[in-house]
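# An overview of the molecular structure
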Amino acid sequence: MQQWLYKFSDFNMRLALTIFIFIVFLFSFFAYAEAERAIDKANNIRLQSFLLADELRQSSDDLPAWWAVLMP
């Protein structure tokens, strides 16, 4: 009887440990997914700033040509 009780409590201990490890894994996965979303957002902002800088460069390159046309 005591051996059965010992095995049962050993089973419960292992089950609790397995559930705990699974919960830690889930928490880690969701933290990783959130970090990936933050990285994607930062990359999109970076891309938008590059596009805006390129547009600004293009418009500043066009200014001397417009100046030459408008002020002969």
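What counts, and where the lines are drawn
- Residues numbered from 1 in each chain as written.
- Predicted model: local features only at pLDDT ≥ 70, side-chain atom pairs only at ≥ 80, totals over all residues.
- Heavy atoms only, no water.
- Patch = residues over 30% accessible without salt bridge, like charges linked within 9 Å, V, L, I, M, F, W, Y side chains within 5 Å.
- Areas by Shrake-Rupley, 256 points an atom, 1.4 Å probe, with all protein chains shown as cover.
- Salt bridge = Lys/Arg side-chain N within 4 Å of Asp/Glu carboxyl O.
- Helix = DSSP H or I, 4+ residues; strand = E, 2+ residues; numbered from the N terminus.
- Phe/Tyr/Trp six-rings, centres within 6.5 Å; stacked < 30°, edge-to-face > 60°.
- Buried < 20%, exposed > 50% of the residue type's maximum accessible area, 1.4 Å probe, protein only.

## A closer look at a nonpolar patch on the surface
Judged by side-chain polarity, Phe11, Leu15, Ile19, Phe22, Ile23, Phe25, Leu26, Phe29, Phe30 and Tyr32 come together as a nonpolar surface patch covering roughly 1100 Å² of accessible area. Within the element layout of this structure, Phe29 appears in helix α1 (residues 2–70).

## Quick word on the packing of aromatic side chains
For the coordinates displayed, the defined rule picks out one aromatic pair. Relative to Phe30, the ring of Phe29 has its centre 5.7 Å away and its plane inclined at 65°; by these criteria the two rings are edge-to-face. The exposure class of Phe29 is partly exposed, given its relative accessible area of 43%. When its relative accessible area of 53% is taken as the criterion, Phe30 is described as exposed.

## Section: the pattern of salt bridges
Going through the model one piece at a time under the given rule, you end up with three salt bridges. Taking the shortest distance from any N to any O, the salt bridge between Arg37 and Glu34 comes out at 2.6 Å. Linking Arg37 with Glu34, this pair stays in helix α1, spanning three residues, or about one helical turn. Since its relative accessible area comes to 46%, Glu34 is described here as partly exposed. Two residues, Asp54 and Arg57, come together in a salt bridge whose shortest N-O distance is 2.9 Å. Within this pair, Asp54 and its partner Arg57 are both found in helix α1, separated by three residues, close to a single helical turn.

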